[in-house]
Amino acid sequence: MELFWYIALITMLTIYVILDGYDFGAGIIYLFFAKKEKDKKAIMNAIGPFWDANEVWLVAGGGVLFFTFPKLYAAAFSGFYLPLIMILWLIILRAIGIELRAQIDNKLWHIIWDKTFGVASLLLALFFGIALGNIVRGVNLGGVVDGVSAYEPHYFFLPLWNPSFSPHAETLGVIDWFTLLLGLIGVISLTIHGAGWIIFKTNSDLNARLKRLIFRLNIVLLVLSLFSLLVWGSIVPNPFGNFINHPLLFIFPLLTAVGIAGLFKIQGFKKDWNGFLFSTLFLIGGLVSTVVAIFPKFLPSTNKINPSLTLHNTSAGHYGLSVGMSWFIFGIILVIGYLIFQYRVFSGKLDDIGYSEKH
Amino acid sequence: MEDMLFYDRLQFAFTISFHYLFPVLTMGLSLIIVYFKWKYLRTKEEKYNKIAKFWMRIFGVNFAIGVVTGIPMEFQFGTNWAKFSEMTGGVIGQTLAMEGVLSFFLESSFIGIFLFGEKLVGQKVHFLSAILVFLGTWLSGLFIMATNAWMQHPVGFTTLENGNFVLSGFSELFTNPWLVPAYLHNQTAAVVTASFVVTAVGAFYLLNKQHQEYGKIFVKTGVIFGLISSVIVAFPTGDWNAKNVVKYQPITFAAMEGVFETQSTDGEIVLIGQPNMKTMSLDNKLAVPGVLSFLTYRNFDTEIKGLNEYPKKDWPTNVPGLYYAYHIMVGLGTLFIGLFFIAIILLWRKKLYQTKWVLWSLLILSPFSYVTNITGWYVAELGRQPWLVYGLLPTSAGGSPTVSSGNTLFTLLGFVGLYFLLGLLFLILVGKIIFKGPETQK
């Protein structure tokens, strides 16, 4: 039962990253590469009809986490208080940027919201990578100092950083060199992903440039990914144990590799959706491999006194979880239906759909 | 710890009050948009389609701000009320997750299709997407009300040894006697607000002598929806809610009505007066004997229990605040019924569009329909104090054990700044759409 919800949550998270990821990435491309009004409009049109439905996956995932693993939800959300609230502010600013830009046709007005949208997208990609880093690295559950817990064993509080920026420091911070590394991987991979989406959904003049960009960024992504693999062992004890015990799980690291390998061929692709496909494979593989590596833990404990938070010690009551399954499965089938319908209605190139010209 | 609780409550109160200004319009307006779109399909008159799209555009801006200010609400359960979330997540996490999965996807997928897909999907599917958006917003309301109903009157749960609550009866969450009256009251109140907004824009057009053809349709539609909904808000749904409060939260009832001393016969209804917490009485009281007994028990003589019957520690923590919230809600609500009634009479006698004082009143009173919704929620939330979950979990025990008050004040200030900006932008944008009028809708 817990396993069902664990898989459901990871799936929802992955879908969220793939979907909202492409509009974050599009925002980053927008910030650095879209100079002409025509290109800007093309990018806005390519994400316009989708972005808020994409964000719903975050909201729904948060709701499901609250309901299935309330103890984890309570501990993690209060422990990561500041970064989470800042993510909320960024999400709000970014949404204002998208929605308001087109409402007034004035150059200064456009500049403000262009930058807001772009910078917020960039920071969100960075923050989500950092968040993943924090989950893998773990936190000082119970706030243990000198062998004594300051709080109940599952609560903690993390400052934004500590002076040493080290994942091995006595007092951990949200940002250290390891989490920052995952943050950078997040930014690079989502930029590629967003570029892939733009190529897929528009006939923009940018597309040829974006293909070259994807190729170059892919080299950086490969280097960073290999580097993270190298330091993995110093962060996660027994880093490959789960994979060795369940060899089927090797499919996920394999997907990551296929994704990167495929992206190197971007220049030669015949179909415009191919780039997006391979970046999607990379994201699925990277995300799931990272999370599965620490299974059954959700949030490892960095001290010896308090146990890690796992899917077994944080779940809600058995009855609630089992009745939840019926409406959840029903709901997800409907959601898939809406998604198919929505993406069919807005299939093909969206350059002229008019989302960016609603004034 | 005192400070901490204060900032947590202030942040939640501020963010939820601001957030609710948006869903209250989307829930009501989605119904009126469905009506206009239906009217277009039936009459084939292009103006109704333009009207539907005009309101959908305002709806779109409103919806976007509702979504982005709604995400912080869900997060704040965990960030600021961790202990509450941990203890109740097994029960109300269920309804909140249902909202996410069953209604948010519905709304967000079909609003995109409604706003940008008319030419792609054709008229019938376009109408259907309006209905689905309406359905999504009302379902969303249902799950939120089911969550709140559980906090007001917990049912269908068992308490574990560690004090946490887990669900034991799923269907009880939806058959909760608190839920149906509260839901209907809330939804019809949202329709009142939307009616006021539609009417006010129409009245503005008529008084300003622009877009007059549309102005007349807006005023006519608005006052009809307005009269029906504002009556239902008071009776039967408001009355029904009050009876629930008497039954399940009698202390709250005494506080909101301003009854300090038990009245053994002829329970009087207070119209005006200021609660004085030193003398435990109302200053400058204006009251009508017997009416409260009648409204509550359908009998002019029945005893009404006062706050003096209960230990002070069980009283709502802010008696004057609760009393004012309730009286503002009821006072304005009564005024709305009166005004819409006059408007309907004039409409029937074909004089409404020329009667300036009524158009002005409709225009000026429209923001107050938001006030009634917000104060209504204050009645529910202040009335529930000192509990988070009535009778089970005190508010003081629900906060996050590891978050300091300095951090909460920091984020509160951030929200205040950000929301000020949001509010300003919203007014500018919607103002712009209104000035431009429905005629130019493509």
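Owing to the predicted nature of the structure, the values given are computational and were not obtained by experimental measurement. (Residues numbered from 1 in each chain as written. Chains lettered and ligands numbered in written order. Predicted model: local features only at pLDDT ≥ 70, side-chain atom pairs only at ≥ 80, totals over all residues. Heavy atoms only, no water.)

Looking at this structure, I do not really get the overall build of chain B. What am I missing?
Across its full length, chain B holds 13 helices and 6 strands. Here the C-alpha atoms of chain B give a radius of gyration of 23 Å, agreeing with the 22 Å that 2.2 N^0.38 yields for 442 residues. Expressed along its principal axes, the backbone C-alpha trace of chain B runs to roughly 65 × 50 × 40 Å. Counting only residues that meet the buried cut, chain B has 61% of its 442 residues in that class. Long-range pairs, those at least 24 residues apart, make up 76% of the contacts in chain B between residues at least 6 apart in sequence. Summed over its atoms, the accessible surface of chain B is roughly 17,400 Å², and 68% of this surface lies on carbon and sulfur atoms. (Helix = DSSP H or I, 4+ residues; strand = E, 2+ residues; numbered from the N terminus. Rg over C-alpha atoms; globule rule 2.2 N^0.38 Å. Buried < 20%, exposed > 50% of the residue type's maximum accessible area, 1.4 Å probe, protein only. Contact = heavy atoms within 4.5 Å. Areas by Shrake-Rupley, 256 points an atom, 1.4 Å probe, with all protein chains shown as cover.)

Explanation requested: the interface of chain B and chain A in the structure shown.
Accessible area lost upon the coming together of the parts serves often as the stated size of an interface. Residue-level contacts link 66 residues of chain B with 65 residues of chain A. Around 6,000 Å² of area is buried between chain B and chain A when both sides are counted, 78% of it from carbon and sulfur atoms. In this structure, B:Lys83 engages A:Glu152 in a salt bridge whose closest nitrogen and oxygen atoms are separated by 2.5 Å. Counting the contacts that link chain B with chain A gives 13 residue pairs in polar contact (both at pLDDT 80 or more). Among the elements of the structure, helix 2 (46-80), helix 3 (82-116), helix 4 (118-121), strand 2 (165-167) and helix 13 (405-436) of chain B are those that each provide at least two residues to the side of chain B that touches chain A. The element that contributes the greatest number of residues to the side of chain B that touches chain A is helix 3 of chain B, accounting for 25 residues. Per-class residue counts for the side of chain B that touches chain A are 38 nonpolar, 22 polar and 6 charged. (Buried area = accessible area lost by both parts, 1.4 Å probe. Salt bridge = Lys/Arg side-chain N within 4 Å of Asp/Glu carboxyl O. Polar contact = N/O pair within 3.5 Å; in protein donor to acceptor, adjacent residues only side chain to side chain. Nonpolar A, V, L, I, M, F, W, Y, C, P; charged D, E, K, R; others polar.)

Help me understand the side chain of A:Thr310, please; the structure alone is not making it clear to me.
Residue and element names in this part refer to chain A. In this structure, Thr310 sits in strand 2 (residues 309-310). Exposure remark for Thr310: the relative accessible area of 14% places this residue in the buried category. Side-chain polar atoms of Thr310 contact the backbone nitrogen of His312, separated by 3.1 Å. Apart from residues no more than four positions distant in its own chain, Thr310 is found in contact with Pro296, Lys297 and Phe298.

Even after reading the chapter, I still don't get the environment of B:Phe170, so can you show me in this structure?
Its location among the elements puts B:Phe170 in the loop between strand 2 and helix 6 (172-175). Through-space distance from the C-alpha of B:Phe170 to that of B:Leu307 is 35 Å; in sequence the pair is 137 residues apart. Setting aside residues no more than four positions away along its own chain, B:Phe170 makes contact with A:Tyr319, A:Val323, A:Trp327, B:Gln94 and B:Met98.

I tried to follow the packing of aromatic side chains on my own but got confused; where do I start?
Each aromatic ring pair is summarised here by two numbers: the centre-to-centre distance and the angle between the ring planes. With the rule as written, the count across this model stands at 70 aromatic pairs over all chains. Centre to centre, the rings of B:Tyr205 and B:Phe218 are 6.1 Å apart; their planes meet at 35 degrees, and the pair counts as tilted. Taken as a pair, B:Tyr205 in helix 7 (residues 179-208) and B:Phe218 in helix 8 (residues 212-248) lie far apart in primary sequence, 13 residues in all. Each member of the aromatic cluster is reached from another via a ring pair, and the members are B:Tyr35, B:Phe36, B:Trp38, B:Phe54, B:Trp55, B:Phe204, B:Tyr205, B:Phe218, B:Phe225 and B:Phe435. Against the face of A:Phe200 rests A:Lys201, its NZ or CZ located 5.2 Å from the ring centre. Between the NZ or CZ atom of B:Arg298 and the centre of the ring of B:Phe294, over which it lies, the distance is 5.9 Å. (Phe/Tyr/Trp six-rings, centres within 6.5 Å; stacked < 30°, edge-to-face > 60°. Lys NZ or Arg CZ within 6 Å of the ring centre and 35° of its normal.)

Please explain the pattern of salt bridges as it appears in this structure.
Opposite charge on two side chains lets them pair, provided their charged atoms get close. Residue and element names in this part refer to chain B. In the structure shown here, the tally under the stated rule is 21 salt bridges over all chains. Here Lys47 ties to Glu45 by a salt bridge, and the two come within 3.4 Å at their closest N and O atoms. A salt bridge links Lys50 to Glu439, with the nearest nitrogen and oxygen atoms 3.0 Å apart. Remark: Glu439 occurs in the segment after helix 13 and Lys50 occurs in helix 2; sequence separation between them is 389 residues. With a relative accessible area of 16%, Lys50 lands in the buried category.

I would appreciate a short explanation of unusual backbone geometry in the present structure.
Excluding glycine, most residues fall at negative phi; most peptide bonds, likewise, are trans. A cis amide bond, omega 5 degrees, links A:Phe295 with the succeeding residue A:Pro296. Inspection of the secondary structure assignment puts A:Pro296 in the loop between helix 11 (274-293) and strand 1 (297-299). Non-glycine residue B:His211 carries a positive phi angle of around 40 degrees. With respect to the element layout, B:His211 can be found in the loop between helix 7 and helix 8. The phi dihedral of B:Asn284 falls on the positive side, at around 50 degrees, and the residue is not glycine. By relative accessible area, which is 62% here, B:Asn284 ends up exposed.

So what exactly am I meant to see when it comes to the packing of helix 4 (residues 70-79) of chain A against helix 3 of chain B here?
Packed helix pairs are characterised by how far apart their axes lie and by the angle those axes make with each other. At a minimum axis distance of 8 Å, the contact between helix 4 of chain A and helix 3 of chain B shows a crossing angle of 165 degrees. Considered as vectors, helix 4 of chain A and helix 3 of chain B are oriented roughly antiparallel to each other. Here helix 4 of chain A and helix 3 of chain B pass one another in a crossing that is right-handed. Across the interface between the two elements, A:Pro70, A:Lys71, A:Tyr73, A:Ala74 and A:Ser78 from helix 4 of chain A touch B:Ala82, B:Ser85, B:Glu86, B:Gly89 and B:Gly90 from helix 3 of chain B. (Axes fitted to C-alpha atoms, helices over the stretch in contact; angles between N-to-C directions. Parallel < 35°, antiparallel > 145°, perpendicular 65-115°, else oblique. Left-handed = near helix turned anticlockwise from the far one by under 90°.)

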